[in-house]
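Below are the chains, spelled out letter by letter.
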Amino acid sequence: MALSQEFYFHDPDERPWVVNAGCRDSDADTFFPGPDGDAELAVRICMGCPVRQECLDWAIEIRIAYGVWGGTTERERRRFLRKTA
Ligand code: SF4
C-alpha cells in the first residue's frame, strides 16, 4: 500500500503540503522499517522532498513515534524531543 493512502490524505485540508509529498507513491514499508530496520532509502527520498521541513515540523508537533518523517528516523526524533524537553 502506498504511504499516502495510509497517512497523508486522511485530512489534506489540514496539511495542504501533502500534495507535494515526495513519498506519496512510495511503499509504506519503506518508511516504517522498525527501530532496527534500514531507513536509508526513506531518508534519501526525504532529502529530495520539497516539503521536508513542513513534514518534519508536523512530525515533531504531533510527536509521531514511528516511521521516517521529514528525513528523520524514530530515534532521531526521540533524541531531539528529549533535548528540547
Ligand atoms: S519529508 Fe519524507 S516523509 Fe515527509 S513528505 Fe517528504 S518524502 Fe514524505
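Cut-off values and rules
Residues numbered from 1 in each chain as written. Predicted model: local features only at pLDDT ≥ 70, side-chain atom pairs only at ≥ 80, totals over all residues. Heavy atoms only, no water. Phe/Tyr/Trp six-rings, centres within 6.5 Å; stacked < 30°, edge-to-face > 60°. Helix = DSSP H or I, 4+ residues; strand = E, 2+ residues; numbered from the N terminus. Buried < 20%, exposed > 50% of the residue type's maximum accessible area, 1.4 Å probe, protein only. Contact = heavy atoms within 4.5 Å. Salt bridge = Lys/Arg side-chain N within 4 Å of Asp/Glu carboxyl O.

*Asks:* Outline the packing of aromatic side chains, supporting the account with residue identities and numerical values.
*Replies:* For any two aromatic rings, the description comes down to two numbers: the centre-to-centre distance and the angle of the planes. Going through the model one piece at a time under the given rule, you end up with three aromatic pairs. Ring centres of F32 and W69 lie 6.0 Å apart, and the angle between their planes is 80°; on these two criteria the pair is classed as edge-to-face. One end of the pair, F32, is in the loop between helix 2 (28-31) and helix 3 (40-47); the other, W69, is in the loop between helix 4 (52-61) and helix 5 (74-84), with 37 residues separating them in the sequence. Classification of F32 as partly exposed rests on a relative accessible area of 27%.

*Asks:* Break down the environment of W69 for me, with residues and values.
*Replies:* We classify W69 as buried; its relative accessible area is 2%. Each C-alpha atom of the pair W69 and D57 lies 9.3 Å from the other, and the pair is 12 residues apart in sequence.

*Asks:* Go over the environment of P33, please, and point to the residues and values.
*Replies:* With respect to the element layout, P33 can be found in the loop between helix 2 and helix 3. For the pair P33 and V68, spaced 35 residues apart in sequence, the C-alpha separation works out to 8.3 Å. Filtering out sequence-adjacent residues up to four positions away, P33 remains in contact with D38, A39 and V68.

*Asks:* Please set out the pattern of salt bridges residue by residue, giving values where relevant.
*Replies:* This model, assessed by the stated rule, comprises two salt bridges. One salt bridge in this structure joins D36 and R75, with 3.0 Å as the shortest N-O distance. Of this pair, D36 sits in the loop between helix 2 and helix 3 while R75 sits in helix 5, and the two are 39 residues apart along the sequence. Residues E40 and R44 are paired through a salt bridge, measuring 3.8 Å at the closest nitrogen-oxygen approach. Here R44 and E40 lie together in helix 3, a separation of four residues that amounts to about one turn.

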